[in-house]
Amino acid sequence: MSVVGFDLGNESCIVAVARQRGIDVVLNDESKRETPAIVCFGEKQRFIGAAGAASTMMNPKNSISQMKRLIGRKFSDPELQRDLKSLPFQVTEGPDGFPLIHVRYLGEPKVFTPTQVLGMMLSNLKEIAEKNLNAAVVDCCIGIPAYFTDLQRRAVLDAATIAGLHPLQLIHEMTATALAYGIYKTDLPENDQLNVAFVDIGHSSMQVCIAGFKKGQLKVLAHTYDRNLGGRDFDEVLFQRFAAKFKEQYKIDVYENARASLRLRAACEKLKKVLSANPEAPLNIECLMDDKDVKGSIKRDEFEQISASILERVKKPLEKALAETGLAVENIHTVEVVGSGSRVPAVVKILSEVFGKEPRRTLNASECVARGCALECAILSPNFKVREFQVNESFPFSVSMSWKGTVPGAENGVEENQQSTLVFSKGNPIPSVKALTFYRSGTFHVDVQYADSTDLPESAKISTYTIGPFQCKAERAKVKVKARLNLHGIVSVESAILEEEELEVPVIKENTSKMETDSGAVPFSGDDDASMQDAKGTANAGADTSNDENGVPDSVDKPVQVETKTKAVAPKKKVTKTNVPVAELIYGGLSKGDLQAAVEKEFEMALQDRVMEETKDKKNAVEAYVYEMRNKLNDKYQEFVTDSEREQYTARLQEVEDWLYEDGEDETKGAYVAKLEDLKKQGDPIEERYKEYTDRGAVTDQLMYCI
Ligand code: ATP
Ligand code: MG
């Protein structure tokens with residue numbers, strides 16, 4: 001079973017695998033540790049990852065990047081709209097309100113969902129891992145930002161399914177980083193807690209995680225973030241400044257010219273990096289627009305002035321994280337920085353100010369997430385022995401459930417109001433299970449939503465569960481609903497069980513000392529309340545009967561044990577439990593049918609890619625044969641062919657070479673195979689004559705040697 005970790009970046013991805021001796025970051029086809037997150041659609045095939053990056057310049061409209069920012073978001077989401085402005089490919093709103101990516105593929109216009117494209121990227125990463133491990137890869141852990149919503153998490157899982165992967169866990173990137181940091185530390189305190197703040201400022205987002213380390217474990221104390229704050233924001237202020245300057249100075253408006261904008265933005269990013277190491281940086285671009293060369297420069301002081309509002313925003317997630325943990329800065333022992341966006345000196349200054357200490361960069365910033373993911377996969381995998389290390393993850397959101405309830409005392413009991421309860425609050429351990437008890441006479445609905453929507457990109461609604469139908473003997477029956485927050489940080493209603501009580505006159509057995517009234521028909525064995533608590537011991541949901549309209553206490557479902565020495569006569573209560581159907585409606589994402597279709601489509605496209613790769617290989621083989629044979633005919637095969645034979649064959653080889661560049665440039669695999677066979681018909685006998693001679697020579701040499 002494979003143990004693999006994937007860091008799925010906006011710009012680039014890293015694959016780490018666990019081997020017996022440790023975790024290795026593996027190389028892609030181009031022997032690079034980082035694989036660009038790009039899927040390029042071509043006339044005959046797709047080019048993904050490293051191959052995709054090479055095609056981007058030639059084919060920008062069909063080169064899809066930044067899919068991580070597109071998945072699981074509504075088209076109308078303002079954050080998505082802002083991101084789309086800087087992307088060169090076409091995205092429209094699909095019938096379901098989610099984005100559709102338009103490309104030209106195999107000579108036709110095609111549309112794909114962002115999830116499908118992410119699936120393509122993942123299948124490329126899967127292949128990289130498989131080539132390195134020389135084995136099939138299915139089980140894995142994938143890093144995701146802590147701010148990913150339920151829908152975004154589901155989209156990553158769907159993309160993984162499309163790629164033929166089975167994630168054991170979607171792990172928060174910063175938690176993976178914390179794990180990669182902590183597991184190798186041999187000096188963690190046994191009784192004390194070492195608190196470390198991890199800060200990642202990347203290209204487009206910022207994340208903070210404060211974790212407490214003890215010997216053999218880490219506990220996430222807080223996750224905070226700004227989904228839209230990163231290095232690109234600094235590029236943007238520089239861009240605006242230079243665009244305004246050039247308008248005044250050179251009378252050109254780069255906003256009117258897409259190519260000029262792109263070039264200026266790239267130059268600004270470069271300039272920003274220069275400013276990280278120098279107090280002043282120049283900017284020169286030849287022929288930016290209207291044949292005008294532009295020149296400019298900026299001092300670091302001015303850069304910091306115009307970036308003041310961005311720098312101010314950097315503070316927020318830091319302060320929020322501190323506030324959420326309740327820790328004083330003195331109790332943060334170390335600040336570890338990853339992410340290159342934090343290389344701006346003013347950012348480092350803010351980190352130092354907020355935490356009262358210099359941030360450190362001891363982690364391998366580009367690889368720590370992938371390594372942490374592979375470590376977590378190894379921890380979860382039964383086939384791997386890893387140093388005992390427990391990761392106590394914390395849920396970054398608050399999720400509530402709501403339903404319609406009857407207002408107590410209302411006439412006929414028909415008036416309904418919306419009631420809700422917090423089921424998993426922010427900071428809740430992951431994973432976790434909670435039970436809610438409802439008293440209902442028939443099918444009912446439960447909505448799952450974020451309790452605090454202020455910091456969410458879209459509507460707070462996650463899903464609706466229809467629980468029922470069921471039949472109950474009494475007017476109302478008790479239905480226990482089990483809600484799960486799974487390892488991926490996804491919330492769902494897992495099951496519902498109808499519990500009905502009946503009064504039962506116990507069968508009296510005289511000579512036994514004890515008698516059990518609860519029959520073996522109970523679907524749960526033993527105390528089912530305990531089985532509904534989560535793995536980390538969190539108590540049952542507060543929703544239990546607190547919102548129940550008739551307020552009947554939940555107390556009579558424990559197995560009852562009765563002493564029977566004296567004859568028991570009181571009737572006892574028997575509880576029967578029946579599973580109730582639960583139907584799920586998720587607001588967004590692929591349906592099961594769509595997902596299956598996407599899996600099949602991916603298979604088809606992968607096959608096409610493979611055929612094209614093989615075609616290229618066969619074409620190369622023809623070309624290589626032509627060159628090799630031509631050289632040999634004039635060299636070692638010279639004595640084994642007549643002059644006329646050589647001339648004729650050389651002309652034939654030339655003919656094939658010309659064909660390769662003309663009519664045969666774009667042929668089928670079969671055509672190249674046939675061409676090579678054809679050439680070999682004439683070439684093989686020559687080769688044989690040569691071989692026969694050299695073999696004989698070898699025998700003679702050997703004989704002489706023996707003598
Ligand atoms: P994200 O985390 O948003 O998915 P990412 O992980 O790809 O993005 P990083 O590679 O951590 O992002 O950081 C990229 C950002 O860092 C870019 O905006 C880049 O311009 C910026 N950057 C890189 N080097 C420097 C530098 N020396 N000084 C300032 N900024 C830099
Ligand atoms: Mg990053």
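Residues numbered from 1 in each chain as written. Chains lettered and ligands numbered in written order. Predicted model: local features only at pLDDT ≥ 70, side-chain atom pairs only at ≥ 80, totals over all residues. Heavy atoms only, no water.

Within the element layout of this structure, R227 appears in the loop between strand 15 (217-226) and helix 7 (231-250). A polar atom in the side chain of R227 sits 3.2 Å from the side chain of E79. (Helix = DSSP H or I, 4+ residues; strand = E, 2+ residues; numbered from the N terminus. Polar contact = N/O pair within 3.5 Å; in protein donor to acceptor, adjacent residues only side chain to side chain.)

Counted residue by residue, strand 1 (residues 4-8) has five buried out of five residues, so it is predominantly covered. One ladder, built from five bridges, connects strand 1 with strand 2 (residues 12-19); its direction is antiparallel. Across the sheet, residue G5 finds its bridge partner in strand 2, namely A16. Here strand 1 folds back onto strand 2 in antiparallel fashion, the turn holding three residues. Looking at chain direction, strand 1 and strand 11 (residues 139-144) are connected through two bridges and run parallel. Bridged to G5 within strand 11 is C141. (Buried < 20%, exposed > 50% of the residue type's maximum accessible area, 1.4 Å probe, protein only. Pairing = 2+ DSSP bridges.)

The next thing to look at is the site of ligand 1. Around ligand 1 sit 17 residues in total, of which S204, E269, K272, S276 and S340 are the nearest. Here an oxygen atom of ligand 1 and a side-chain polar atom of K272 are 2.7 Å apart. For ligand 1, a nitrogen atom lies 2.7 Å from a polar atom in the side chain of S276. When isolated, ligand 1 has an accessible area of 650 Å², and the protein chains bury 80% of it. At the level of elements, helix 7 and helix 8 (258-277) are the ones that each hand at least two residues to the shell around ligand 1. Ranked by the residues each element gives to the shell around ligand 1, the list is headed by helix 8, at four residues. (Near = heavy atom within 4 Å. Areas by Shrake-Rupley, 256 points an atom, 1.4 Å probe, with all protein chains shown as cover.)

Omega for the bond connecting I430 with P431 falls within 30 degrees of zero, at -5 degrees, which places this linkage in the cis form. Take P431: it is sitting in the loop between strand 22 (429-430) and strand 23 (432-440). Cis geometry marks the peptide bond from G468 to P469, where omega comes out at 0 degrees. In this structure, P469 sits in the loop between strand 25 (461-467) and strand 26 (477-485). Phi at L106 takes a positive value of approximately 55 degrees, unusual for a residue other than glycine. Along the polypeptide, L106 turns up in the loop between strand 9 (99-105) and strand 10 (108-112).

The pairing of strands in a sheet comes from backbone hydrogen bonds and takes either a parallel or an antiparallel form. Taken in spatial order, the six strands of this open sheet run 18-13-14-15-19-22, and their pairing is mixed. In this open sheet, the two edge strands, each paired with only one partner strand, are strand 18 (334-338) and strand 22. Taken together, the nine bridges between strand 14 (residues 206-214) and strand 15 define a ladder with antiparallel strand orientation. Bridge pairing in strand 15 links V208 to T224.

Now for the packing of aromatic side chains. This model, assessed by the stated rule, comprises 20 aromatic pairs. Ring plane angle 55 degrees and centroid distance 5.5 Å describe the contact between Y181 and F213, whose orientation is recorded as tilted. With Y181 in helix 6 (residues 173-182) and F213 in strand 14, the pair connects residues that are 32 residues apart, well separated along the chain. The class for Y181 is buried, based on a relative accessible area of 8%. Ring geometry for F438 and F444: centres 5.0 Å apart, planes at 40 degrees, overall tilted. Exposure remark for F438: the relative accessible area of 3% places this residue in the buried category. When its relative accessible area of 6% is taken as the criterion, F444 is described as buried. Positioned over the ring face of F239 is R265, at 4.1 Å from the centre of the ring. Of note, R440 hangs over the ring of F444, and the distance from its end group to the ring centre comes to 5.3 Å. (Phe/Tyr/Trp six-rings, centres within 6.5 Å; stacked < 30°, edge-to-face > 60°. Lys NZ or Arg CZ within 6 Å of the ring centre and 35° of its normal.)

What follows covers helix 5 (residues 150-162). Taking 1.5 Å as the rise per residue, helix 5 with 13 residues should run 18 Å; its terminal C-alpha atoms sit 18 Å apart, in good agreement. With respect to burial, helix 5 is a largely interior element, twelve of its 13 residues being buried. Turning to helix 5, its buried residues number three or more, namely D150, L151, Q152, R153, R154, A155, V156, L157, D158, A159, A160 and I162. Two residues or fewer past helix 5, G164 is found with a positive phi of approximately 80 degrees. (Expected span 1.5 Å × (residues − 1).)

All right, on to the sheet that holds strand 7 (residues 63-65) then. In space, the three strands of this open sheet follow the order 6-5-7, with antiparallel pairing throughout. Of all strands in the sheet, those with a lone pairing partner are strand 6 (46-48) and strand 7, marking the two edges. Strand-to-strand twist of the sheet, defined as the mean angle between neighbouring strand axes without regard to direction, takes the value 15 degrees. Where strand 5 (residues 38-41) and strand 6 come together, three bridges link them in antiparallel fashion. Looking at the pairing, V39 lines up with I48 of strand 6. Sheet strands touched by helix 4 (residues 114-133): strand 5, strand 6 and strand 7. Its angle to strand 5, the strand with the most contacts, is close to 110 degrees. (Axes fitted to C-alpha atoms, helices over the stretch in contact; angles between N-to-C directions. Contact = heavy atoms within 4.5 Å.)

Turning our attention to the packing of helix 14 (residues 592-633) against helix 15 (residues 643-661). With their axes 10 Å apart at the nearest point, helix 14 and helix 15 run at an angle of 150 degrees to one another. If you check the angle between helix 14 and helix 15, you find them roughly antiparallel. Viewed along their axes, helix 14 and helix 15 form a crossing whose handedness is left-handed. Across the interface between the two elements, K619, V622, E623, Y625, V626, Y627, M629, R630 and L633 from helix 14 touch R646, Y649, T650, L653, Q654, V656, E657, L660 and Y661 from helix 15. (Parallel < 35°, antiparallel > 145°, perpendicular 65-115°, else oblique. Left-handed = near helix turned anticlockwise from the far one by under 90°.)

Time to look at a negative patch on the surface. A cluster of like negative charges, contributed by E256, E286, D290, D291 and D293, occupies part of the molecular surface. Looking at the element boundaries, E256 is found in the loop between helix 7 and helix 8. What makes E256 exposed here is its relative accessible area of 65%. (Patch = residues over 30% accessible without salt bridge, like charges linked within 9 Å, V, L, I, M, F, W, Y side chains within 5 Å. Salt bridge = Lys/Arg side-chain N within 4 Å of Asp/Glu carboxyl O. Lys, Arg positive; Asp, Glu negative; His and termini not counted. Charge placed at Lys NZ, Arg CZ, Asp CG, Glu CD.)

Just distances and angles here, no functional claims.
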